[in-house]
Amino acid sequence: MNFVFDIDGTICFDGKTIDSSIIQALEEIKAAGHQVIFASARPIRDLLPVLPKSLQQEKLVGGNGAYTSNGKKMDVIHFQDSLLTKLIMLVEDHQITYLADSDWDYAFTGEKTHPIYKNINQASAQNRELRSLPKLCKLVLFQPPQRVIDELADLPVNITYYKGENAIDISPLGINKVRGLHSLHVQEFIAFGNDSNDQCLFENALYSVCVGEHEVEQYASISVEKEKVAAMITKALHMYGNQEMQGVYS
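The rules behind these values
Residues numbered from 1 in each chain as written. Predicted model: local features only at pLDDT ≥ 70, side-chain atom pairs only at ≥ 80, totals over all residues. Heavy atoms only, no water. Helix = DSSP H or I, 4+ residues; strand = E, 2+ residues; numbered from the N terminus. Expected span 1.5 Å × (residues − 1). Buried < 20%, exposed > 50% of the residue type's maximum accessible area, 1.4 Å probe, protein only. Arc of directions from axis to C-beta. Core = buried A, V, L, I, M, F, W, Y, C linked by side-chain atoms within 4.5 Å. Contact = heavy atoms within 4.5 Å. 1 Å grid on protein atoms, 1.4 Å probe; cavity = no way out; pocket = protein on both sides within 12 Å on 5 of 7 lines; lining within 4 Å. Points joined across faces, edges and corners; volume = space filled by probe spheres on them. Nonpolar A, V, L, I, M, F, W, Y, C, P; charged D, E, K, R; others polar. Phe/Tyr/Trp six-rings, centres within 6.5 Å; stacked < 30°, edge-to-face > 60°.

1. Some remarks on helix α1 (residues 20–31)
Phase 1: Counted at 1.5 Å a residue, the expected span for α1 with its 12 residues is 16 Å, and the 16 Å between its end C-alpha atoms agrees.
Phase 2: Inspection of α1 places I22, A25, L26 and I29 among the buried residues, and these make up the whole buried set. Buried residues in α1, looked at end-on, bunch into an arc of 100°, giving them a common side. Away from its buried face, by an angle of more than 90 degrees, α1 presents the exposed residues S20, Q24 and A31.
Phase 3: Where α1 ends, the next residue or the one after it, G33, has phi of about 90°, a positive value.

2. Quick word on the nonpolar core
Phase 1: Residues F5, I11, L26, F38 and I233 are the most contacted members of the largest nonpolar core, which totals 36 residues.
Phase 2: Secondary structure elements with two or more residues in this core: β1 (2–5), α1, β2 (35–39), α2 (44–47), β11 (189–193), β12 (207–211) and α8 (229–241).
Phase 3: In terms of residues, this core owes the most to one element, α8, which gives seven residues.
Phase 4: Not counting residues within four places of it along the chain, the set of residues in contact with F5 comprises I11, L26, I29, V36, I37, F38, A39, F192 and I233.
Phase 5: Within the second largest apolar cluster, 23 residues are counted, among which are I88, A100, L139 and I168.

3. Some words on the layout of surface pockets
Phase 1: A volume near 770 Å³ is recorded for the largest pocket.
Phase 2: If you trace the largest pocket, you find 35 residues lining it, with D8, A41, Y162, E165 and D195 closest to the centre.
Phase 3: Secondary structure elements with two or more residues in the lining of the largest pocket: β6 (97–101), α4 (115–118), β8 (138–142) and β9 (157–162).
Phase 4: The class makeup of the residues in the lining of the largest pocket is 12 nonpolar, 11 polar and 12 charged.

4. Looking at the packing of aromatic side chains
Phase 1: This structure, assessed with the given rule, holds four aromatic pairs.
Phase 2: Taken together, a centroid distance of 4.7 Å and an interplanar angle of 35° make the contact between F108 and Y117 tilted.
Phase 3: Both rings, one in F108 and one in F142, keep their centres 5.9 Å apart while their planes meet at 75°; by these two values the pair is edge-to-face. Within this pair, whereas F108 is found in strand β7 (residues 106–108), its partner F142 is found in strand β8, the two being separated by 34 residues in sequence.

5. Examining the environment of L90
Phase 1: The residue L90 is located in helix α3 (residues 81–94) in this model.
Phase 2: Residue class for L90 comes out buried when judged on its relative accessible area of 7%.
Phase 3: C-alpha separation for the pair L90 and L152, spaced 62 residues apart in sequence, amounts to 8.8 Å.
Phase 4: Discounting chain neighbours no more than four positions away, the residues touching L90 are I96, V148, E151 and L152.

6. What to know about unusual backbone geometry
Phase 1: Phi is positive for Q95, close to 50°, though the residue is something other than glycine.
Phase 2: Turning to its location among the elements, Q95 is positioned in the loop between α3 and β6.
Phase 3: Classification of Q95 as exposed rests on a relative accessible area of 72%.
Phase 4: With a phi angle near 50°, K135 is a residue other than glycine that sits in the positive phi range.
Phase 5: Inspection of the secondary structure puts K135 in the loop between α4 and β8.
Phase 6: We classify K135 as partly exposed; its relative accessible area is 45%.

7. Some words on α3
Phase 1: Taking 1.5 Å per residue, 14 residues should reach 20 Å; α3 reaches 20 Å between its end C-alpha atoms and fits that length.
Phase 2: Within α3, the full set of buried residues consists of L83, L84, L87, I88, L90 and V91. One side of α3 holds all its buried residues, which, seen down the axis, span an arc of 155°. Residues of α3 that are exposed and point more than 90 degrees away from the buried face comprise D81, S82 and D93.
Phase 3: Against the buried residues of α3 lie β6, β8, α5 (146–152) and β9.

Everything listed here is a matter of coordinates, which is why it stays silent on function.
What follows is the structure, given as structure tokens:
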């Protein structure tokens, strides 16, 4: 079985580390012969530093599906040039602060105290001018006014809303975490997540766990507190390993 995990707010709660009890539970999945997969809003550049070395070669989905890695090769899906030009003009015309991610480097104009900036892997990537970035894959707008959101609604993009951070995440049309999994030939899976970008995971999973209280929990099989994540991972493993999955739905 494939066990798919979001990162922030699901197994990582400080933006930098994963608790040792959770890492041990993830290692138990591997030891039992199953597959651990990470699916995050972070680009793979920022996803890797959070993972222990023993898990960095697992299959990865980043940027809500715009980036995928099978442990050897990273593939990206980027905005087409005509659409990219419109997005750049929208940002510049309205003077919106943003984080733009290419295949590896980035462009950031927001507050450096913002949690998103603190999670950027600056040791291996450069903050460049927006128009110099090749293959722009993902664009986060901070505090976008409603008129900008209205204009975006007319463009062929996916928009994820992060209400708690007053930000929106823009990806190429059709990009989401499930599409990323499918490109890695992952069909059936168990999912752990916590935010609106995990809804597609919950809707397509055999069994799903929402960590914490969030509107998206209505799409999950069960919700748990963050303190119980490690135990829930082990429980899900035992349910699958003992072929008790049918009982989960009763």
